[in-house]
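# Per-entry structural report
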Amino acid sequence: MNSSRSMVRRLARLRAVPAPVVDAAIAVVFVAVVVVDRTQQPVAGGAAMVVLSVVLTLMIAGGLVVRRSFPLAGFVAGTVGLSVEALAGISSAVSPYANLIGIYSLGLYATRRRALLGPPMAVVGTAIYFAGNPDAAAFEGVGVLFSWIATWAVGYSNARRREEQERARRATRQQAIAEEQIRVARELHDVVGHTVNLLIVQAGAARLLLDTDPAKARELLAGMEQTGRDSLADLDQALGNLRPAPHPAPGLAQIPDLVDRLTDARSEWS
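To start, this report covers the structure provided alongside it. (Residues numbered from 1 in each chain as written. Predicted model: local features only at pLDDT ≥ 70, side-chain atom pairs only at ≥ 80, totals over all residues. Heavy atoms only, no water.)

### Side note on the overall build of the protein
- The number of helices and strands found in the protein is 10 helices and zero strands.
- Along the chain direction, N to C, the helices and strands of the protein fall in the order α-α-α-α-α-α-α-α-α-α.
- Within the protein, buried positions represent 31% of all 270 residues.
- Pairs at least 24 apart in sequence give 74% of the contacts found in the protein among residues at least 6 apart.
- Summing over all exposed atoms, the protein offers an accessible surface of approximately 16,400 Å²; the carbon and sulfur share of this is 66%. (Helix = DSSP H or I, 4+ residues; strand = E, 2+ residues; numbered from the N terminus. Buried < 20%, exposed > 50% of the residue type's maximum accessible area, 1.4 Å probe, protein only. Contact = heavy atoms within 4.5 Å. Areas by Shrake-Rupley, 256 points an atom, 1.4 Å probe, with all protein chains shown as cover.)

### Focus on the side chain of Ser 95
- With respect to the helices, strands and loops of the structure, Ser 95 is situated in helix α5 (residues 95-109).
- Setting aside its immediate chain neighbours within four residues, Ser 95 contacts Phe 30, Ile 60, Leu 82 and Glu 85.

### Examining the packing of helix α2 (residues 19-40) against helix α3 (residues 47-65)
- Their axes nearest at 8 Å, the elements α2 and α3 cross at an angle of 155°. Our classification of the angle between α2 and α3 gives roughly antiparallel. Here α2 runs over α3; the crossing is right-handed. On α3, the residues touching Asp 23, Ala 24, Ile 26, Ala 27, Phe 30, Val 31, Val 34 and Arg 38 of α2 are Ser 53, Thr 57, Ile 60, Ala 61, Leu 64 and Val 65. (Axes fitted to C-alpha atoms, helices over the stretch in contact; angles between N-to-C directions. Parallel < 35°, antiparallel > 145°, perpendicular 65-115°, else oblique. Left-handed = near helix turned anticlockwise from the far one by under 90°.)

### Observations concerning the pattern of salt bridges
- What the rule picks out here adds up to 10 salt bridges.
- For Glu 163, the salt bridge is made with Arg 112, and the minimal N-O distance between the two is 2.9 Å. Here Glu 163, found in helix α8 (residues 138-209), pairs with Arg 112, found in helix α6 (residues 112-115); they are 51 residues apart in sequence, far enough to count as distant.
- For Arg 112, a relative accessible area of 39% gives the class partly exposed.
- The partner of Glu 164 in a salt bridge is Arg 167, and the shortest N-O contact between them spans 2.3 Å. Of this pair, Glu 164 and Arg 167 both sit in helix α8, separated by three residues, roughly a single helical turn.
- Residue Glu 164 is classed as partly exposed on the basis of its relative accessible area, which comes to 47%.
- Members of the salt-bridge network, linked through shared partners, are Glu 166, Arg 169, Arg 170 and Arg 173. (Salt bridge = Lys/Arg side-chain N within 4 Å of Asp/Glu carboxyl O.)

### Some points on the packing of helix α4 (residues 71-88) against α5
- The geometry of α4 relative to α5 is characterised by a closest axis approach of 8 Å and an angle of 155° between their N-to-C directions. Considering their axes alone, α4 and α5 lie roughly antiparallel with respect to each other. α4 and α5 meet at a crossing whose hand is left-handed. Contact residues: Pro 71, Leu 72, Phe 75, Gly 78, Thr 79, Leu 82 and Glu 85 in α4; Ser 95, Pro 96, Asn 99, Gly 102, Ile 103, Ser 105, Leu 106 and Tyr 109 in α5.
- Taken together, the residues of the contact of α4 with α5 sort by class into eight nonpolar, six polar and one charged. (Nonpolar A, V, L, I, M, F, W, Y, C, P; charged D, E, K, R; others polar.)

### Observations concerning the packing of aromatic side chains
- All chains considered together, the criterion is met by two aromatic pairs.
- Judged by centre distance (4.9 Å) and plane angle (20°), the ring pair of Trp 152 and Tyr 156 falls under stacked. Of the two residues, Trp 152 and Tyr 156 both sit in helix α8, four residues apart, roughly one turn of that helix. Tyr 156 matches Trp 152 in its accessibility class, with the two residues each being buried.
- Lying over the aromatic face of Tyr 156, Arg 160 brings its terminal NZ or CZ to 4.4 Å of the ring centre. (Phe/Tyr/Trp six-rings, centres within 6.5 Å; stacked < 30°, edge-to-face > 60°. Lys NZ or Arg CZ within 6 Å of the ring centre and 35° of its normal.)

So, in structure tokens, the structure goes:
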């Protein structure tokens, strides 16, 4: 149990590491492994080949660094570096694995149109690589090509699944917004309807009492004024629900107050 919790904590810490840092670390590890490989199997052909090997290794490593932000450029850099290594006869046993990460990243992070360039580029890259390694068996090239395309397919399918999930989330948000707008519209209708009824009743009562009881009429007119102000405040709060607001928008809880005012006005009129 403790070991599983410790593993979960480690994974959580890894997810918190920024993606560029992760990619840079992968590139550094790749370069370090290539250095170890070159130490055990030195590059033949003199200083020029050594320099070329260093340049190509850095090119492939650069493709790993930009594999998320520029996945197509990263895979092109890796494929070119790997192909030139093979044609120059200085292939590293580690470089193909770096390019495998590159084609997966192309399928996962590139746009749909650019990601579809992965399989044909893999065919060309594999053909060039094995052209520089004529001693390799034919079935070996087919197996490598299959693994490259299968890796790309995994990344591509994951990207499309993410797109579907994002579309579903957007549809859910839009539906929630539409439902909220309908709810606010109904509340506004109720508030406005009750307010107008109340004002009509108060205006009618004030008209009837204007000659016989001016004081009462003035009281009713003052009540109409207050009702209008309260209603404007309610409407302002309700409309505030349609935009970010620091205070909660009113709901149907204000309707009983309007009903009470309407009942009082009718009783006074009668």
